[in-house]
Amino acid sequence: MAQSNSKGPDKETMRNWYRQMVLIRRFEEKCAELYSAGDIGGFLHLYIGQEAIVVAAQSVLREDDNIITAYRDHGVALARGLSTKGVMAEMLGKSTGVSKGKGGSMHLADKEKRFWGGWAIVGGHLPLAAGIALADQYNGDDRVTMALMGDGATNIGYFHEALNMAAVWKLPVVWVIENNQYGMGTAVTRASAVADIAKKAEAYGMPCCMQVDGMDLLELREMFTEAVEYVRSGEGSFMLEAITYRYRGHSMGDPERYREAHEVETRKADDPITRWGKYLTDKKIATKKDLEAIEKSAEEEVEEAVEFAQNSPLPDPEELYTDVYV
Amino acid sequence: MSTSSPAQTAVEGKTEVKTYRQAISDALWEEMERDERVFIMGEEVGVWGGTYAVTRGFYDHFGEKRVRDTPIAEMAIVGTAVGAAMNGLRPVAEIMTINFAFLALDAIVNAAAKARYMFGGQFTVPMVIRTTTGGGRQLGATHSHAPEPIFAHFPGLYVVCPSTPYDAKGLLKAAIRDDNPVMFVEHSTLYQTRGEVPVEEYLVPIGKSDVKREGSDVTIVSYSKMTVVALEAAAQLEKEGISAEVIDLRSLRPLDTEPVIASIKKTNRCVVVEENWALYGVGAEITARIQDEAFDWMDAPVKRVSQEDVPLPYSRELEQSALPNAEKVIKAVKLVL
Ligand SMILES: Cc1ncc(C[n+]2csc(CCOP(=O)(O)OP(=O)(O)O)c2C)c(N)n1
Ligand SMILES: [Mg+2]
């Protein structure tokens, strides 16, 4: 978890960001296969196309900062450093999964790493983020809480209630909107009264960064740095909107009647991983060979995780009754 | 209209086989064609065609005025529908799944269910909240509820839970024509099921339980998906020489226990199957009614088959082990015999 300093990140760190993005993508491509094979059940929401956001966010957070998100949570889990094996085992509903197989794809979490969970009710995690931040403020800790959400989540009551309260109490939260253009099949302009979603921050007197290029790791890092510094200084909340695009359906089995195939193809041409790879080679931070080696090692990590998950036991039947109460 | 005809609801006249999904879709379509005031609003009902494909083709045919995609805003979906209903329209508000109806609980309970009574009968709220319920699909704890009894707790609201295509179509049409707010709860695992549906128009009155299978040894009471489970159990019991009568409540409010009581006077034994948790559930209510009205007729205590008393986990086997199934029903039946 490299903290940026005045000299900027070293080459190793920059190559590692590439690896994180590739790992998330390969992991999810594998998940899609496993879903089709029936090894993963329930809902599966892929983050493919959005990887730069969480990797940039994570790169400016301290290890003891907080992060929380919605159901599209594999990227957060992996960027946060949860074990790839534990996450894959959760996908397969195994006892070795990060949530003991009880949560599945939408409910990854790791308390030790202060990843407070993927939450499946749209907007439901936003007041939780406020509360997590409240506890830190209350205890005099200078931690930052980062709350990620989709564009669609900004239209629900939870969002407005949580933001207002966070603003009134100057809670240390960075509210991150991952604007991937759609909430399921509903385009932003059909669901949100303002297309510049971060304008909603104005209603709560909150500073914001609008329309950050969510495909550009460096721009994202710059804005996240500003946001985190502001929030850590005790001034209160900050909002950041990243413009991005999800390449896959909302979840598996989405008929995608709401967009044309060529729209997806056009967007894919501006890929965050390809862009960052090009930056690295252009600036001679990595060679093509280096990148290939990184890709290979990420693939191997995913394969090992699958093997681990497949060989792991299912939860014991008695596990059904544990953890209902303390 | 036939209301309590035995054995899978014998249907008169010409029929065709339809899925539960198609039957519901047809009901909506016919009512929208019949009455201009009927319109649909909800998440993904339009361009997407409904997340369970119930409203596929509606947006193109009826247009965006009558098939309205909403933001993700359950509180406002129901609240807006209540206002529109009070002011003369007949909204069918869709809540994508019943799990999200918790976000709209206040609008359902404090507005839809109270607007009439609280103002001395001045207002009517002719609206339907269509939603889908149930677990068993590995969707995890927040997305697998079957909380119909919660909604049935409140006077002023009807709660309808069909188990067959026939009932689904007839009840939905009745719900749309009813001047009271109706929560219409479909089961997410029943959409592909098939059954005979009349070609001619028909309605199924709200508030009439239905004997889905006649029998003489034990009465199994259920609703929604659990009726299917009960019928499966009854078919297996028959092979062992045990004759089970299966009663489908069809609506939890109004709750029609007349056929249940009549059946118990014949079988003297009862098992209730419910997908939700037993605590404060439908089984508890049915048992209380039996105590009141058929105490002397009972030869054994009522048994309840319900979900294990835990939130539903993701892992497949674990989740399945928590849900009621035919095997568990058979076991309960044998306990009361
Ligand atoms: C309260 C609630 N309503 C509806 C849903 C169903 N649902 C799941 S994701 C989603 C769309 C969310 O869109 P957005 O916030 O933009 O996030 P994205 O999926 O694009 O990442 C909807 C409607 C839900 N989970 N919770
Ligand atoms: Mg979105």
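Before reading on, note that the structure itself is shown above.
Residues numbered from 1 in each chain as written. Chains lettered and ligands numbered in written order. Predicted model: local features only at pLDDT ≥ 70, side-chain atom pairs only at ≥ 80, totals over all residues. Heavy atoms only, no water.

**Student:** Honestly, the overall build of chain B in this entry has me stumped. Any pointers?
**Tutor:** Of regular secondary structure, chain B possesses 13 helices and 14 strands. With the C-alpha coordinates of chain B rotated into their principal frame, the extents come out at 55 × 45 × 45 Å. The buried share among the 337 residues of chain B stands at 61%. The contacts of chain B with a sequence gap of at least 6 include a subset with a gap of at least 24, amounting to 82%. Of the roughly 13,200 Å² of accessible surface on chain B, 51% is carried by carbon and sulfur atoms. Within chain B, one finds 35 positive and 46 negative side-chain charges whose respective centroids are separated by 1 Å. (Helix = DSSP H or I, 4+ residues; strand = E, 2+ residues; numbered from the N terminus. Buried < 20%, exposed > 50% of the residue type's maximum accessible area, 1.4 Å probe, protein only. Contact = heavy atoms within 4.5 Å. Areas by Shrake-Rupley, 256 points an atom, 1.4 Å probe, with all protein chains shown as cover. Lys, Arg positive; Asp, Glu negative; His and termini not counted. Charge placed at Lys NZ, Arg CZ, Asp CG, Glu CD.)

**Student:** So what exactly am I meant to see when it comes to the pattern of salt bridges here?
**Tutor:** Side-chain pairs of opposite charge can arise whenever the charged atoms involved come near each other. Residue and element names in this part refer to chain B. In this structure the tally under the stated criterion is 49 salt bridges over all chains. Here E31 and R34 are joined by a salt bridge, their closest N and O atoms 2.6 Å apart. Taken as a pair, E31 and R34 lie in helix 2 (residues 20-34) at a separation of three residues, close to a single helical turn. Residue class for E31 comes out buried when judged on its relative accessible area of 0%. (Salt bridge = Lys/Arg side-chain N within 4 Å of Asp/Glu carboxyl O.)

**Student:** Just checking my understanding: could you explain the sheet that holds strand 5 (residues 128-133) of chain B for this structure?
**Tutor:** In any sheet, the strands associate via hydrogen bonds between backbone groups, in a parallel or an antiparallel arrangement. Residues and elements named next belong to chain B. Spatially, the seven strands line up as an open sheet ordered 3-2-4-5-7-6-12, and their pairing is mixed. Where the open sheet ends on each side, the last strands, each with one partner, are strand 3 (67-69) and strand 12 (251-253). This sheet shows a mean twist of 20 degrees between the axes of neighbouring strands, independent of strand direction. In terms of strand pairing, strand 6 (residues 158-160) meets strand 12 through two bridges, oriented antiparallel. Considered in strand 12, the bridge of V159 is made with R253. Across the sheet, helix 8 (residues 165-177) lies against strand 2 (38-42), strand 4 (90-95), strand 5, strand 6 and strand 7 (182-187), angled at about 160 degrees from strand 7, the strand it touches most. (Pairing = 2+ DSSP bridges. Axes fitted to C-alpha atoms, helices over the stretch in contact; angles between N-to-C directions.)

**Student:** I tried to follow the site of ligand 1 on my own but got confused; where do I start?
**Tutor:** In the neighbourhood of ligand 1, 22 residues make up the surrounding shell, with Y71(A), R72(A), G152(A), N180(A) and E74(B) lying closest. Around ligand 1 the close residues trace back to chains A and B. Take Y71(A): an N or O atom from its side chain is 2.7 Å from an oxygen atom of ligand 1. Of the residues that constitute the shell around ligand 1, the class distribution is 12 nonpolar, six polar and four charged. (Near = heavy atom within 4 Å. Polar contact = N/O pair within 3.5 Å; in protein donor to acceptor, adjacent residues only side chain to side chain. Nonpolar A, V, L, I, M, F, W, Y, C, P; charged D, E, K, R; others polar.)

**Student:** What should I look at first to understand the coordination of the magnesium ion (ligand 2) in this one?
**Tutor:** Ideal values differ by geometry: the angle at a metal is 109.5 degrees with four tetrahedral donors, but 90 or 180 degrees with six octahedral donors. Residues and elements named next belong to chain A. For the magnesium ion (ligand 2), the full set of protein donor atoms is D151 (OD), N180 (OD1) and Y182 (O), and the range of their distances to it is 2.1 to 2.3 Å. Each donor residue of the magnesium ion (ligand 2) belongs to the same chain, with the gaps between them written as D-x28-N-x1-Y. When sorted by exposure, N180 lands in the same class as Y182, which is buried. (Donors = N, O, S within 2.8 Å, 3.2 Å for Na, K, Ca; no water.)

**Student:** What's the story with the sheet that holds strand 7 (residues 208-213) of chain A in this structure? I'm lost.
**Tutor:** Residue and element names in this part refer to chain A. Spatially, the six strands line up as an open sheet ordered 2-1-3-4-8-7, and their pairing is parallel. Single-partner strands in this sheet number two, and they are strand 2 (115-119) and strand 7. Strand-to-strand twist in this sheet, taken as the mean axis angle between neighbours without regard to direction, amounts to 15 degrees. Inspection of the sheet shows strand 1 (residues 66-70) paired to strand 2 by three bridges, in the parallel sense. What sits directly across from T69, in strand 2, is G118.

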